[in-house]
Amino acid sequence: MPSNDLGNPSASRHIMHHFALIEDLHTLANETQRGFTAKFQPLRARFVMFLLCSAHAHQGHFVARRRMALVTSSCICSRKRQRVQQLTTHARNSINVATSAPPTDHSTTSSQSFYQRIGSPKHILAPMVAQSDLAFRLMCEQLYNVDLSYTQMIHAYNFVETNGDTFRNNHFDVYPHSFIRRVLLGDADRQQLIVTQPQLHALKGLSQSDIDASRKQILDLLDPSGRNVFMPMKPTIVQIAAHNPDIALQAALLILEKSGSFNANEGISPVAAIDLNLGCPQAIARKGKYGAFLHDEYPELAYNVLKKLRSEISGDVAITAKIRLPPTLADAEAGKLGSQAVTPPSAEDRIQRLIDCGVDLITIHGRTRFENKVAVGAADWNAIGRCVAAARAYSGDDTYPIFANGGIETFDDVQECLQTTGACGVMSSESLLENPGLFKGLDKVKGSHTATAKLLFERQLGYAETYLHYATVFPPLPGSLGSKGGCFNVIRSHLFKFLHRYLEENADLRSSLGDQAFNSIRQARELVSEIRNRYDKMDEEELMLKSSSRISSSWYRRHRNPNSSATNSAVSVIKVGQLSNNEKKQLVKDRIQKLREQRKKMEDTVKMPL
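Everything quoted here is computed from the prediction, not taken from an experiment.

About the cut-offs
- Residues numbered from 1 in each chain as written.
- Predicted model: local features only at pLDDT ≥ 70, side-chain atom pairs only at ≥ 80, totals over all residues.
- Heavy atoms only, no water.
- Helix = DSSP H or I, 4+ residues; strand = E, 2+ residues; numbered from the N terminus.
- Buried < 20%, exposed > 50% of the residue type's maximum accessible area, 1.4 Å probe, protein only.
- Contact = heavy atoms within 4.5 Å.
- Areas by Shrake-Rupley, 256 points an atom, 1.4 Å probe, with all protein chains shown as cover.
- 1 Å grid on protein atoms, 1.4 Å probe; cavity = no way out; pocket = protein on both sides within 12 Å on 5 of 7 lines; lining within 4 Å.
- Points joined across faces, edges and corners; volume = space filled by probe spheres on them.
- Nonpolar A, V, L, I, M, F, W, Y, C, P; charged D, E, K, R; others polar.
- Axes fitted to C-alpha atoms, helices over the stretch in contact; angles between N-to-C directions.
- Parallel < 35°, antiparallel > 145°, perpendicular 65-115°, else oblique.
- Pairing = 2+ DSSP bridges.
- Right-handed = clockwise from strand over helix to strand, strands pointing away.

Chemist: Even after reading the chapter, I still don't get the overall build of the chain, so can you show me in this structure?
Modeler: From N to C terminus, the chain includes 27 helices and 9 strands. Burial status across the chain gives 55% buried among its 610 residues. Excluding contacts between residues fewer than 6 apart, the proportion of contacts in the chain whose partners are at least 24 apart in sequence is 73%. Split by element, the accessible area of the chain, about 26500 Å² in all, is 50% carbon and sulfur.

This is the structure in structure tokens:
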């Protein structure tokens, strides 16, 4: 069987000598298939895989091995022999292409860990349903210091269905990095991105010049000089939901195929890893047997999926898992676990089981599945720290990668979390939805403001305007948000979070954005422009007296205790309406003076793109 090392795609001088053998074995494999009944499908698949892979055992070509893995999946799924022939031919073609390339030295990269190969990311964008769209991922990666992004979760079963083209088109938005670059530079046919009717619906009313203007705005943000546009392309991890190992493998291989990861000739494949969702706490996850419910109630199923993925997918593509802390003894004693064992497993036990499955990286959310939405509590960073220590001790790798997730509101939180947990990276979800510049330090210091209410306004409006430019060039896929308005529903949801504090003060605009008749990017641009018009004429004193300047008005804090980790500003605890005009002016002056003092303590002032 092929070795586990990556090998050199152009190093073997003997590949061409194997072609005749490949053809003979391929013919034998096809003849063998005809002699097996459906009863022996699994045995047939393994035998065919052995025959096909034997011819490639000595040349160690990675692309060919991945193609062979896809052939195996096709056999297991009982796909037609024609499909097997097609994929095997494609594998041989990959070898032809490889042999024509100049020799490449892989001695450095082959010795690197997965985490090192993807650039040792510290700032991670979490997988979020209908919010981890391509436009938002690119904005966060290219402008706001996100090092690694996860896609929204993909339901494996729906993704591999024979008639699943609609689902795949509606949910999967990972493309080769070179294609993304060419789209932004105007050198590629952008229509390849428009694969659904809801996307066209969201774009209605926009001309080609409008789209080109948005593209130019993005390029100007990437390089205001326009001389040497740097377009950072960061790695992407695709998260799947699955409890059946064979279905999970089929989905993973199809994801790699559709994204162009099999043919990637750039540094990092479009899909750097496949992640198994073992952390979703929503009730729908119990019905679908995925997320935290799969890990809590059917742990062996979860581990079998991970083992299958790791054993069948080449090591160049990582297998990762996103988990939550296990239920506590108190949860068990309170009867929350139903018929489950009275004593839940420890977090350290879970980490060991995951490492035994061959998982390359683990993300840990520092809450149990019961701590969710209105019941959300403080994330347990100490528990994450114990998991980090356990992973590194058990694996024997003192750099084993763990991402910490939960409890991140400010950049100070990011730094504190890294220090407390010892994790190599921090993942954020809700904070980034409101403040994509979190990892760039464009946030509030706990208990105060970064600078002024005016700068806060410019920051949030800037996020909305910038995102609309990205969504114009890369319109989001509709996902499950509607066969007509699904694309704009993704955009709408982002705008509600960027502009939350200002929409709360403008009920008419909030109502308009929520109206289903409000369903295009053109309308969204007009709404953002109207908000700007309403606030632009206000001076700092007026803005400081409005509720939108308070920390408690943020979208992130909607379910959180306003008296928890951070406190409201002085205005929030004083009934402003009971003050005289002179008292109000004095209050504002005092606050402005306090803010000036805070600004002096800041090392840098980051300019927000408008």
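Having seen the structure, we can now continue with the description.
Chemist: Even after reading the chapter, I still don't get the layout of surface pockets, so can you show me in this structure?
Modeler: In this structure, the largest pocket occupies an estimated 1200 Å³ of space. Lining the largest pocket are 43 residues; nearest its centre among them are Pro127, Met128, Val129, Pro281 and Gln282. Among the elements of the structure, helix 8 (165-171), strand 6 (318-324), strand 9 (425-428) and helix 20 (430-434) are those that each provide at least two residues to the lining of the largest pocket. With 3 residues, the top contributor of residues to the lining of the largest pocket is helix 20. Across the lining of the largest pocket, the residue classes tally to 16 nonpolar, 18 polar and 9 charged.

Chemist: Help me out: how do you make sense of the packing of helix 18 (residues 381-395) against helix 19 (residues 411-421) in this one?
Modeler: Contact pair helix 18 / helix 19: the axes reach a minimum separation of 8 Å and the direction vectors enclose 45 degrees. On the basis of the axis angle, helix 18 is oblique to helix 19. When helix 18 is examined against helix 19, the residues Trp381, Asn382, Ile384, Gly385 and Val388 are found in contact with a partner set consisting of Asp413, Glu416, Cys417, Thr420 and Thr421. Class assignment of the residues belonging to the contact of helix 18 with helix 19 gives a composition of 4 nonpolar, 4 polar and 2 charged.

Chemist: Would you take a moment to explain the pairing of strand 9 for this structure?
Modeler: Within a regular strand, the side chains alternate between the two sheet faces. The two faces of strand 9 match: Gly425 and Met427 on one face and Val426 and Ser428 on the other face are all buried. Pairing of strand 1 (residues 123-125) with strand 9, which is carried by 3 bridges, proceeds in the parallel orientation. Across the sheet, histidine 123 pairs through a bridge with valine 426, a residue of strand 9. Inspection of the sheet shows strand 8 (residues 402-405) paired to strand 9 by 3 bridges, in the parallel sense. Considered in strand 9, the bridge of phenylalanine 403 is made with glycine 425. A crossover links strand 8 with its parallel partner strand 9, the connecting element being helix 19, and its sense is right-handed.

Purely geometric stuff here, so don't read any function into it on its own.
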